[in-house]
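For reference, the chains in residue letters:
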Amino acid sequence: MNAPPHCWTRTGPPTYPSTLAGATGLTLDHIADRSGAAAQLLTVVAHLAPEPIPFTLITGQPQLLPAELATAAADELAFGHACRILRESGAVRVGPGTLEAHRLLAAIIRSRVPVGDSWRHIAASLVRNAVPADPWDNPATWPSWHTLLPHALFVLEDDTNASLAPQNIGLATSAGRYLHSRGRARSAVPLLDRALHHYRSSAGPDDPATLGAACDLATALRDSGQLREALQLGADTLARCRIRLGGNHRLTLQMAGRQTAILWEIGQYPTAASLGHETWQRCHRILGPADPRTIRSVFILAVSLWDLGHYLEALRIGEDTLHHCRQSLGDTDPYTLRTAMVVVAVLHDAGHDVRCEHLTRALLKQMDRTLGPDHPDRLRTRSILAAACAGIGKYPEALNLSRSALSRMRTVLGTKHTITLRHSRQHAALLHAIGRDQAASTLARRTHEKSQSVLGDEHPDTWSAAVTLASTTLTADPHRAAQLVEQARTEITGLLGTQHPLALRAAHQHMLAVAKTGDLTTAVAEGAAVVADLRQHLGADHPETLQAAAAYGVLASSFEPHNGQLLAAAHAAVGALRAHGLHGPTWLPDLTCPNPEPR
């Protein structure tokens, strides 16, 4: 065997790594003796990720390859011959249209190549030129990105610069935008952060490229649950855009829309509504009503109205926006799907659960085809379907849907993400509705504590979690429940007003808590006002109204047992509740049977 001399030169006993490196050297020499193109192909492949590499990544860009490999890449037979040599030598696995270097062999090959050698640059150039330009909300590019993403990330990780090499900035940005668009915001953040760092260092903090990178990063921070960081970066970026570019610039309007979404998540609903309305007006005036950016700004306005509890107006605007999205973007565009998700969410909150259930099932099928099973928008839509099923009395299906959605959210998003926290609260309420109060109380308490820790005591989601916790502890500790919900109601009305749906729900739960403490006089007095407000603002057939009316009817008739009019009203209210398939509070007397048994 004619081995290269360095393979046999040792100062001590043989060791596994050095022996393997020597064997690898022999393999490479053997491959080079048979075909220089095959040796060059193996070296290029070793500088890409240990994942399947499409032949087209090599054969479609011969101008980027060294001479021998470029000639082979341009000839299908010659390229096939090079692949066959590598496969026969055991250096690569060859599949249908792909090849892949063995992980350890590739690492040894890279270690033999000096830092700064052209092979790293060749591999990076191949990837940079092959990936589609802008994957953000662009499903047509996603199949290519799915295949090439491991190689893009490998090239970026292999970048030995303290900061990214200038030629790799665009690749980092595009990879981050792809990951974010596919619902993997946490993975996108480091890439977008590196890109922003580069632009700040090379172009300054107010350059349009820097501002665009900051806009991308702020949005990814929001969707990854890093709300405080997103709010700070978004506010700074929007201020710089207004000063540097003016209030009507495309990037300023884009950042204003994204900052509005950050303000929603942070719980600053009135401020978000104000900024959203201003952004819509500017887009409508400057870009025209048919421009996609104007349509997106109308979507922002609809969400703002939804957050403020103006369900009917939000639904009207949301459905109109959905119609325009379908016409201009198509039924399966991610933004269309996102708009449809908001529409079904508003339908549920407005009490139209039959229609919500029907539309949400169809929406989930579309999302499965476009977004995949673990995209955050799909997980949220699954949560909406669970809530709609509960709203029409389909409790077993609602429980299965809710449980599986919560499990996936915890795995994909983490236990402290706002989407997970909101669904945890909803799941606790569902457990309470079917009489599993111990499990409901435990989950509600944990959710409330996490909401306080992650979002703070002044976030509406924290107040809503407090109301849910109070509803699950009425039987075990009614005095504590009454105190908890009263504190939440005070905070809610201070920010959102007494007629906000969350404030009305808190008033409803406060009535129940006071009744459970034995103070029927106060409970009945509160109940009349609560039911009247719910009927006025949510409608007589809304589940919250039906449950409050049934509870009030039972309490009032118990307070005045010989009042025939109250008794008839109580029977009617409980009947309406049952007709919708809904459960009322499990501890209330059931007027439909003389000796109610616990569920």
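Before reading further, recall that the structure is shown in the block above.
Residues numbered from 1 in each chain as written. Predicted model: local features only at pLDDT ≥ 70, side-chain atom pairs only at ≥ 80, totals over all residues. Heavy atoms only, no water.

### A few points about the overall build of the chain
Selection criterion: For helices the rule is a DSSP run of H or I covering at least 4 residues; for strands it is a run of E covering at least 2, with both sets numbered from the N terminus onward. A 1.4 Å probe rolled over the protein chains alone gives each residue an accessible area, and that area as a share of the maximum for its type sets the label: buried under 20%, exposed over 50%, partly exposed in between. Working rule for contacts: check all heavy atoms of both residues, and any pair within 4.5 Å makes them a contact. By the counting rule applied here, Lys and Arg register as positive and Asp and Glu as negative, while His and the ends of each chain are not counted. The location of each charge is read from NZ of Lys, CZ of Arg, CG of Asp or CD of Glu.
When its secondary structure is counted, the chain shows 28 helices and 3 strands. The principal-axis extents of the C-alpha atoms in the chain amount to approximately 110 × 55 × 45 Å. A total of 599 residues make up the chain; the buried ones form 52% of that total. Contacts spanning at least 24 positions in sequence make up 64% of the contacts within the chain whose residues lie at least 6 apart. Measuring between centres, the 55 positive side-chain charges of the chain sit 3 Å from its 53 negative side-chain charges.

### Considerations on helix α12 (residues 227-244)
Using the following cut-off: Here a helix's expected span is defined as the number of its residues, less one, multiplied by 1.5 Å. This arc describes the spread of directions from the helix axis toward the C-beta atoms.
An ideal rise of 1.5 Å per residue puts 26 Å on 18 residues; α12 measures up with 25 Å between its terminal C-alpha atoms. Looking at α12, one finds that the buried residues are Leu-227, Ala-230, Leu-233, Gly-234, Thr-237, Leu-238 and Cys-241. One side of α12 carries all its buried residues, which in axial view fall inside an arc of 135 degrees. Exposed side chains of α12 directed beyond 90 degrees from the buried face belong to Arg-228, Gln-232 and Ile-243. Elements that come into contact with the buried residues of α12 comprise α10 (185-203), α11 (208-223), α13 (250-266), α14 (269-286), α21 (418-433) and α22 (437-455).

### Things to note about the side chain of His-180
You can see His-180 is positioned in helix α9 (residues 169-181). When sequence neighbours within four positions are dropped, the list of residues in contact with His-180 reads Trp-136, Ala-185, Ala-188, Thr-219, Ala-220 and Asp-223.

### Looking at unusual backbone geometry
Residues other than glycine seldom take positive phi values, yet Asp-137 does so here, at roughly 50 degrees. Mapped onto the secondary structure, Asp-137 falls in the loop between α7 (118-130) and α8 (142-157).

### So, the sheet that holds strand β1 (residues 53-54)
In plain terms, the rule: Pairing between two strands requires that DSSP report at least two bridges joining them.
The 3 strands are arranged β1-β3-β2 in an open sheet whose pairing can be described as antiparallel. The two strands at the open ends of the sheet, each matched to only one other strand, are β1 and β2 (92-95). Of the pairings in the sheet, the one linking β1 to strand β3 (residues 98-101) comprises 2 bridges and is antiparallel in character. Opposite Ile-53, over in β3, you have Leu-99 as the bridge partner.

### Overview of a positive patch on the surface
Rules: Exposure above 30% relative accessible area and the lack of any salt bridge qualify a residue for a patch; like charges then connect within 9 Å, and the nonpolar side chains Val, Leu, Ile, Met, Phe, Trp and Tyr within 5 Å. For every accessible area listed, the method is Shrake-Rupley and the probe measures 1.4 Å; residues are considered covered only by the protein chains on display. In the sections that follow, a salt bridge refers to a side-chain nitrogen of Lys or Arg positioned within 4 Å of a carboxyl oxygen of Asp or Glu.
Side chains of Arg-410, Lys-416, Arg-446 and Lys-450 sit close together on the surface and give a patch of like positive charge. Structurally, Lys-450 can be placed in helix α22. With a relative accessible area of 31%, Lys-450 lands in the partly exposed category.

### Remarks on the nonpolar core
Defined as follows: The set of buried Ala, Val, Leu, Ile, Met, Phe, Trp, Tyr and Cys residues whose side-chain atoms join them within 4.5 Å is what this entry labels a nonpolar core.
Grouped together as the largest cluster of nonpolar side chains are 170 residues, with contacts concentrated most on Leu-41, Leu-42, Leu-65, Trp-145, Leu-171, Trp-306 and Ile-492. If sequence neighbours within four positions are ignored, Trp-145 has contacts with Val-131, Pro-132, Pro-135, Ala-152, Leu-171, Ser-174, Ala-175 and Tyr-178. Core analysis: the second largest hydrophobic core is formed by 5 residues, Leu-379, Ala-405, Leu-413 and Ile-419 among them.

### Describing the state of the cysteines
Under the convention used in this document: Working definition: a disulfide is two cysteine sulfur atoms within 2.5 Å of each other.
Scanning the model with the defined rule gives 0 disulfides in all. With no disulfide of its own, Cys-356 lies closest to Cys-389 among cysteine sulfurs, the gap being 8.7 Å. Since its relative accessible area comes to 0%, Cys-389 is described here as buried.

### Comments concerning the packing of aromatic side chains
Definition in use: Here a Phe, Tyr or Trp ring, Trp counted by its six-membered ring, pairs with any other such ring whose centre lies within 6.5 Å, and the pair is stacked when the planes are under 30 degrees apart, edge-to-face when over 60, and tilted otherwise.
Counted according to the given criterion, the structure contains 3 aromatic pairs. Summarising the aromatic geometry, the rings of Trp-145 and Tyr-178 are spaced 5.5 Å apart at their centres and angled 15 degrees between planes, so their arrangement reads as stacked. Of this pair, Trp-145 sits in helix α8 while Tyr-178 is found in helix α9, placing the two residues 33 residues apart along the sequence. In terms of burial, Trp-145 and Tyr-178 fall into one category: buried. Ring geometry for Phe-299 against Tyr-335: centres 5.2 Å apart, planes inclined by 65 degrees, an arrangement best described as edge-to-face. Of this pair, Phe-299 sits in helix α15 (residues 292-307) while Tyr-335 sits in helix α17 (residues 334-349), placing them 36 residues apart in sequence. No difference in accessibility class separates Phe-299 from Tyr-335, as the two residues are buried.

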